[in-house]
Amino acid sequence: QVQLVESGGGLVQAEGSLRLSCAASGSIFSINVMGWYRQAPGKQRELVATMGTGGSTNYADSVKGRFTISRDNAKNMVYLQMNSLKPEDTAVYYCNLEYTRTSRRYWGQGTQVTISS
């Protein structure tokens, strides 16, 4: 069983920055993909960014050049540095861990990110 806890959300002005953190605990296998998803009211949850254990990354087109995902495998943590924030980035951001071989996914409780104009 894996537990994920996000932190770092809040309210900031457009063009501002936030750094989200996610701590994973429990029985964590070495090979996995961790990432961030977000969900705005009335919309489906969408992928923001992911990173494999080996460092490969994947970003949504809407955040490329503005967001940066990083991992600390020794600490079982993943981060999302969000710069040049826009009002359309407003959403609940969820941390995710996936074991690719089984497609088993774990989710955090979510952290609210609100961007004002």
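Residues numbered from 1 in each chain as written. Predicted model: local features only at pLDDT ≥ 70, side-chain atom pairs only at ≥ 80, totals over all residues. Heavy atoms only, no water.

Chemist: How should I be thinking about the overall build of the protein in this particular structure?
Modeler: For the protein, the helix and strand inventory stands at zero helices and 11 strands. The secondary structure elements of the protein, listed N-terminal to C-terminal, are β-β-β-β-β-β-β-β-β-β-β. For the protein, whose C-alpha radius of gyration is 14 Å, the value lies close to the compact-globule estimate of 13 Å for 117 residues. Seen along its three principal axes, the alpha-carbon backbone of the protein occupies a region of about 40 × 25 × 20 Å. Buried positions account for 43% of the 117 residues belonging to the protein. Pairs at least 24 residues apart make up 53% of the contacts formed inside the protein by residues separated by at least 6 positions. Between the mean site of the 12 positive side-chain charges and the mean site of the 8 negative ones, the protein shows a separation of 6 Å. (Helix = DSSP H or I, 4+ residues; strand = E, 2+ residues; numbered from the N terminus. Rg over C-alpha atoms; globule rule 2.2 N^0.38 Å. Buried < 20%, exposed > 50% of the residue type's maximum accessible area, 1.4 Å probe, protein only. Contact = heavy atoms within 4.5 Å. Lys, Arg positive; Asp, Glu negative; His and termini not counted. Charge placed at Lys NZ, Arg CZ, Asp CG, Glu CD.)

Chemist: Please clarify how the side chain of Thr-50 should be interpreted in this entry.
Modeler: Considering the arrangement of structural elements, one finds Thr-50 in strand 5 (residues 46-52). Taking the relative accessible area as the measure of exposure, Thr-50 reaches 12% and is therefore buried.

Chemist: Would you mind showing me how to read the state of the cysteines here?
Modeler: Throughout the structure, instances matching the rule amount to one disulfide. The disulfide bridge from Cys-22 ends at Cys-95, spanning 2.0 Å between sulfur atoms. Because the torsion about its S-S bond is -85°, the bridge between Cys-22 and Cys-95 counts as left-handed. Taken as a pair, Cys-22 in strand 3 (residues 18-26) and Cys-95 in strand 9 (residues 91-99) lie far apart in primary sequence, 73 residues in all. (Disulfide = S-S within 2.5 Å.)

Chemist: Any chance you could explain the packing of aromatic side chains here in plain terms?
Modeler: Pairs of aromatic rings are described using the distance from one ring centre to the other and the angle between the two planes. Inspection of the entire model under this criterion finds three aromatic pairs. An angle of 75° between the planes, with centres 5.1 Å apart, marks the rings of Tyr-37 and Trp-107 as edge-to-face. Here the residue Tyr-37 occupies a position in strand 4 (residues 33-39), and Trp-107 occupies one in strand 10 (residues 104-107), the gap between them amounting to 70 residues. Among the residues examined, Tyr-37 registers a relative accessible area of 10% and is labelled buried. Judged by centre distance (6.2 Å) and plane angle (85°), the ring pair of Tyr-99 and Tyr-106 falls under edge-to-face. For Tyr-99, a relative accessible area of 9% gives the class buried. Overall, Tyr-106 belongs to the buried group, its relative accessible area being 11%. Taken together, the ring pairs connect Phe-29, Tyr-99 and Tyr-106 into an aromatic cluster. The side chain of Arg-45 reaches across the aromatic face of Trp-107, ending 4.4 Å from its centre. (Phe/Tyr/Trp six-rings, centres within 6.5 Å; stacked < 30°, edge-to-face > 60°. Lys NZ or Arg CZ within 6 Å of the ring centre and 35° of its normal.)

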